[in-house]
Amino acid sequence: MIPLSNAPADTPLKIVEIEGGHGVRRRLLSLGFHKNHVIEIDKRSILKGPILIKNRTSDMTVALGRGIAGKILVEVVE
Amino acid sequence: MNNQTDKNHPDIVFIGQPNAGKSTIFNALAGTKAETSNFPGTTVTHTHSHVNIFGRELNIIDLPGSYSLNPSDDGEKVALTHLFGEKPDVIVNVIDASTLGRSMELTLELIELEYPMVIALNMMDLAEKKGMTIRTEHLEKVLGVPVIPMTAVRGRGAKELLDACCDVLDQKKAPSFHPWSRDVEEKIEELMEALPPELPVVANKRFTAIKMIEAENLFFDVMLSELHPGLKEKLDNIRRDLKDRHDSEAYEVVAAERHHLALKYFEDCCTVKHGPQTGLLDRIDDVIMHPFLGYVILAAVFFLFFFIIFKVGNPLEELLLGPVAGVRSFLSAQFGTGILFYLFDGLTQGIVGGVAIVLPYLLPLLFLMSFLDDIGYLARAGFMMDTFMHRIGLHGKSVSPLMLGFGCNVPAIVSTRMLESRRDKVITALLIPFIPCSARTTIILALVAFYLGPLWAFGFYVGNLFLVALLSRIISFFFKSPSPGMILEIPSLKLPSLKNMLAKSYYQLKSFIRFAWPILIAGSVLLGLLQYFELDRVVNTLLSPLVEHALGLPKDLGVTLVFGFLRKELSLVMMLQALGVEYHGLMMVITRSQLVIFTIFISFFIPCISTVAILWKEIGRKIALLSVGLNIVVAVILSLIARFFLGL
């Protein structure tokens, strides 16, 4: 289990746990981030910027700040 | 509660997730008659229109885009207040067919309301391109709600949608909720039975109970524990049971139920041909989001932005201001130097001043912004700028309000509504008055660029941006909690629709026309009176400690500061008038250093009166006053620094 911010790009990842405050969790839920969803890191911007996430299950692209990406725990789907 | 919509005619409410094309459908039906009205209790607006279709009069209401009925920004709160408070006659749920799976979560939540409802399944062309086949009849049967396939940008399906709305209205056909897992339903029923009869019910008992369970850690909970401690305890027990059984928070359990149901229906009603999906749009995305090329393009977009301000707006403005001099001499011939001259002169100056801001600067900028927004670039710019914004304590979503600020600070402050957290909203709103709006750009161009050269003006602009960055760091230092960070949906790129762009620009222009312009006109008239009664001398004397002693400027310039508060762009004209010189003779009465100090001071010292008023209205009195104080302090400090270095 690794935080999304440290996960490899272009690899299917499964959401295991979403940590953090209720506000952030609610926001992520309403944007389709549920446990067990398979997501992929699409592109990384330079200078340790935000991460672009492609949610394979809900078919949605969302930009997440690094802080928030660190609160989403994922595992690599073998 | 809301008296603005006429209750004699049925209300049709449009609701959908952001980027579902809701406004396109709304504009197609409502045309240009759409009215924006303030929602009682909040400052966020929704759009409504009164239409007459096939001899039927309908109120149609466009609510802000919402991902769910659990609000997280001000726009979503408006949507909720309206749905709960007004009980619309028909809900039209607009769905982007190409994202049917996740969009249905909101649909299911709306069905829980058990109000008459129609689904507008928009962007069918996009779904087809993605290889999706949606069996709409089956979807209709499964959901129990009429489903109208549409491609609104091409005008397909609008009539069918209206027909369906009328049918639903006539038959008062409301869907019934879709049951969830047995154990969750049991808990909901338990709470429903415990609801005391005097508790107000929203829509129906089940919906109320669900919303109560979901409201964990929100304001509602605090209120309930005050009013109904017994019920609160029951609610907490139910939440705990759900949490224990499902190993997640109760609100997450509820969301998961909806989610699973939506996925199941999606699989029932839609088949997706999987194939390589590297279409043209994906390839364009690869270029504009490229870690290097993307930033080059972003820089080009910013360049275009400033090009419009400097090279297009300025000459246009001069063309517009030419005839004003004619009006003035006409007025002076008519009224001499009596009070009527000053009144009418102030009036025309105010009206023309508004036109001179709107036509050359604001309209092109708003149009460009809505173009960038419509094709999906603004969200991408937010993504790419996030890194830099982070360094100054904000995040990518603040980019577009700040960009709007270059046109006019007033719509820029209105647009901070899209920021979810109060912290980000306050910081952004405090920064916007430091962004040189078109009126201040005029001064910088006329004084700095004309007398000292374009490089100085460029330097002034760059310095201004650094100042904004520095201030942002300082202000965010005072907020203990860090920014919650960016969560921003990146919609797929699409071709722009002219109708949408016009509607969006017009919507933002309205905040200027309705709000800033009247203040500007009143300010001009007030200035006219000030001159007539020769109060400028009093003002000069009052301000002389600041103007003469602290800043080292001629005492006569004191009154221009007051003008600057009422109307920034008038400061220049008033400066010449106060010094009694022509534009070209300016350098004979003041030095280059004085010119620089004056420009710095007038640019920053106080936001114009319209900006202060909109800050007051949108963010609150305290922040508006703080903003005024902050601007004065910054202007004084910067001018003193400039004075020191320029050796005055």
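Residues numbered from 1 in each chain as written. Chains lettered and ligands numbered in written order. Predicted model: local features only at pLDDT ≥ 70, side-chain atom pairs only at ≥ 80, totals over all residues.

*Asks:* For this particular structure, what's the right way to read the overall build of chain A?
*Replies:* Scanning chain A for helices and strands turns up two helices and six strands. Listing the helices and strands of chain A from first to last along the sequence gives β-β-α-β-β-β-α-β. The globule rule puts the C-alpha radius of gyration for 78 residues at 12 Å, and the 11 Å found for chain A is close to it. Expressed as lengths along the three principal axes of its C-alpha atoms, the size of chain A is roughly 30 × 30 × 25 Å. Counting the 78 residues in chain A, one finds 44% classified as buried. A separation threshold of at least 6 residues defines the contact pool for chain A, and within that pool the share at least 24 residues apart is 55%. (Helix = DSSP H or I, 4+ residues; strand = E, 2+ residues; numbered from the N terminus. Rg over C-alpha atoms; globule rule 2.2 N^0.38 Å. Buried ≥ 20, exposed ≤ 12 C-beta atoms within 10 Å, placed from the backbone. Contact = placed C-beta atoms within 7 Å.)

*Asks:* Honestly, the overall build of chain B in this entry has me stumped. Any pointers?
*Replies:* Broken down by element type, chain B carries 28 helices and ten strands. For 648 residues, the compact-globule estimate of 2.2 N^0.38 gives 26 Å, and the C-alpha radius of gyration of chain B, at 28 Å, lies within 12% of that figure. When its C-alpha atoms are laid out on the principal axes, chain B stretches across 85 × 55 × 50 Å. Looking at the 648 residues of chain B, the share that counts as buried comes to 46%.

*Asks:* Any chance you could explain the pairing of strand 5 (residues 90-96) of chain B here in plain terms?
*Replies:* Both faces of the sheet carry side chains from a regular strand, because those side chains alternate between them. All names here are of chain B. For strand 5, the buried fraction is high: seven of the seven residues fall into the buried class. What you see with strand 5 is no split at all: Val90, Val92, Val94 and Asp96 on one side and Ile91, Asn93 and Ile95 on the other are buried throughout. As paired elements, strand 1 (residues 11-16) and strand 5 share five bridges and run parallel to each other. Its bridge partner being in strand 5, Gly16 is matched across the sheet by Val94. (Pairing = 2+ DSSP bridges.)

*Asks:* Whenever I open this one, the confidence of the model for chain B confuses me. Can you help?
*Replies:* Low pLDDT means the predicted coordinates in that region are not meant to be read closely. All names here are of chain B. Confidence in the prediction for chain B averages 83 pLDDT; 93% of positions are at 70 or higher. The low-confidence segment residues 1-6, where pLDDT is below 50, has twelve contacts with residues more than four positions distant or belonging to other chains. Under a pLDDT of 50 for its full length, residues 32-44 has, in the predicted model, 34 contacts with residues more than four places off or in other chains. The ipTM, which scores confidence in the relative placement of chains, is 0.89 for this predicted complex, and the corresponding pTM is 0.78. (pLDDT = per-residue confidence, 0-100.)

*Asks:* What is the right way to read the interface of chain B and chain A from this model?
*Replies:* How big an interface is tends to be expressed through the accessible area that disappears when the partners come together. Listed per partner, the contact involves 28 residues of chain B and 28 residues of chain A. Elements supplying a minimum of two residues to the side of chain B that touches chain A: helix 3 (100-113), helix 11 (250-269), helix 15 (377-391) and strand 10 (487-489) of chain B. No other element matches helix 11 of chain B, which puts five residues into the side of chain B that touches chain A. Of the residues that constitute the side of chain B that touches chain A, the class distribution is 13 nonpolar, eleven polar and four charged. (Nonpolar A, V, L, I, M, F, W, Y, C, P; charged D, E, K, R; others polar.)

*Asks:* Before we go on, may I ask you to explain the environment of Gly65 of chain B in this structure?
*Replies:* As for its position among the elements, Gly65 of chain B is in the loop between strand 4 (56-62) and helix 2 (74-86). Along the backbone, Gly65 of chain B and Phe14 of chain B are 51 residues apart, and their C-alpha atoms lie at a distance of 9.3 Å.

*Asks:* Mind showing me how you'd approach the packing of helix 19 (residues 438-452) of chain B against helix 26 (residues 592-604) of chain B here?
*Replies:* Between two packed helices, both the angle of their axes relative to each other and the distance between the axes serve to describe the pair. Residues and elements named next belong to chain B. Where helix 19 meets helix 26, the axes come as close as 10 Å, and the angle between the chain directions of the two elements is 170 degrees. One way to sum up the angle between helix 19 and helix 26 is to call them roughly antiparallel. Between helix 19, through Arg440, Ile443, Ile444, Leu447, Val448, Tyr451 and Leu452, and helix 26, the contact on the second element is made entirely by Arg592, Leu595, Thr599, Ile602 and Ser603. Taken together, the residues of the contact of helix 19 with helix 26 sort by class into eight nonpolar, two polar and two charged. (Axes fitted to C-alpha atoms, helices over the stretch in contact; angles between N-to-C directions. Parallel < 35°, antiparallel > 145°, perpendicular 65-115°, else oblique.)

*Asks:* Looking at this model, I keep getting lost on the pairing of strand 4 (residues 51-55) of chain A. Mind explaining?
*Replies:* Residue and element names in this part refer to chain A. Across five bridges, strand 4 lies against strand 5 (residues 60-64) in antiparallel orientation. Each residue of the ladder has a partner; that of Asn55, found in strand 5, is Met60. Here strand 4 folds back onto strand 5, and the loop between the two strands holds four residues, one of which, Asp59, carries a positive phi near 55 degrees.

*Asks:* Where do I start with the nonpolar core in this structure?
*Replies:* Considering soluble globular proteins, one finds that nonpolar side chains tend to be buried as a cluster. Among the nonpolar cores identified, the biggest contains 183 residues, and Phe14, Val92, Val118 and Ala120 of chain B are the most heavily contacted of them. In this view, Val118 of chain B contacts Val90, Val92, Val145, Pro146, Ile148, Leu161, Ala164, Cys165 and Val168 of chain B; residues no more than four positions away in its chain are not counted. (Core = buried A, V, L, I, M, F, W, Y, C linked by C-beta atoms within 7 Å.)

*Asks:* Honestly, the domain arrangement of chain B in this entry has me stumped. Any pointers?
*Replies:* Residue and element names in this part refer to chain B. Domain parsing of chain B yields domain 1 (11-171), domain 2 (182-272) and domain 3 (293-646). Counting residues at the interface gives 20 residues for domain 1, matched by 19 residues for domain 2. When contributions to the side of domain 1 that touches domain 2 are tallied by element, the ones reaching two or more residues are helix 3, strand 7 (132-134) and helix 5 (136-143). Here the side of domain 1 that touches domain 2 gets eight residues from one element, more than from any other, and that element is helix 3. Looking at the side of domain 1 that touches domain 2 residue by residue, the class counts come to ten nonpolar, five polar and five charged. (Domains from an automatic or database assignment.)

*Asks:* Sorry if this is basic, but what is going on with unusual backbone geometry here?
*Replies:* A negative phi angle characterises most non-glycine residues, just as the trans form characterises most peptide bonds. Positive phi is not limited to glycine here, since Met123 of chain B has a value of about 60 degrees. Structurally, Met123 of chain B can be placed in the loop between strand 6 (117-122) and helix 4 (124-129).

*Asks:* What should I look at first to understand the packing of helix 14 (residues 339-375) of chain B against helix 21 (residues 498-532) of chain B in this one?
*Replies:* Residue and element names in this part refer to chain B. The geometry of helix 14 relative to helix 21 is characterised by a closest axis approach of 7 Å and an angle of 155 degrees between their N-to-C directions. Classified by the angle between their axes, helix 14 and helix 21 sit roughly antiparallel to one another. Helix-helix and strand crossings are classified by hand; for helix 14 and helix 21 the assignment is right-handed. Its residues assigned to classes, the contact of helix 14 with helix 21 shows 21 nonpolar, 13 polar and four charged. (Left-handed = near helix turned anticlockwise from the far one by under 90°.)

*Asks:* How should the environment of Lys22 of chain B be read in this particular structure?
*Replies:* Residue and element names in this part refer to chain B. Tracing the backbone shows Lys22 in helix 1 (residues 22-30). Note: C-alpha distance between Lys22 and Leu63 (41 residues apart in sequence) is 8.8 Å. The residues touching Lys22, leaving out its near neighbours within four places in the chain, are Phe14, Gly16, Asp62, Gly65 and Val94.

*Asks:* Where do I start with helix 15 of chain B in this structure?
*Replies:* Within an α-helix, residues lying three or four positions from one another point in the same direction, as the helix has 3.6 residues per turn. Residues and elements named next belong to chain B. In this model, helix 15 (15 residues) spans 22 Å end to end at C-alpha, consistent with the 21 Å of a helix rising 1.5 Å per residue. Met385 marks where helix 15 bends most, by close to 50 degrees. Most of helix 15 sits inside the fold, with eleven of its 15 residues counted as buried. Along helix 15, the positions that sit buried rather than exposed are Leu378, Ala379, Arg380, Ala381, Gly382, Phe383, Met384, Met385, Asp386, Met389 and His390. Positive backbone phi, at 90 degrees, marks Gly393, one or two positions downstream of helix 15. (Expected span 1.5 Å × (residues − 1). Bend = angle between axes of the 7 residues up to and from the residue.)

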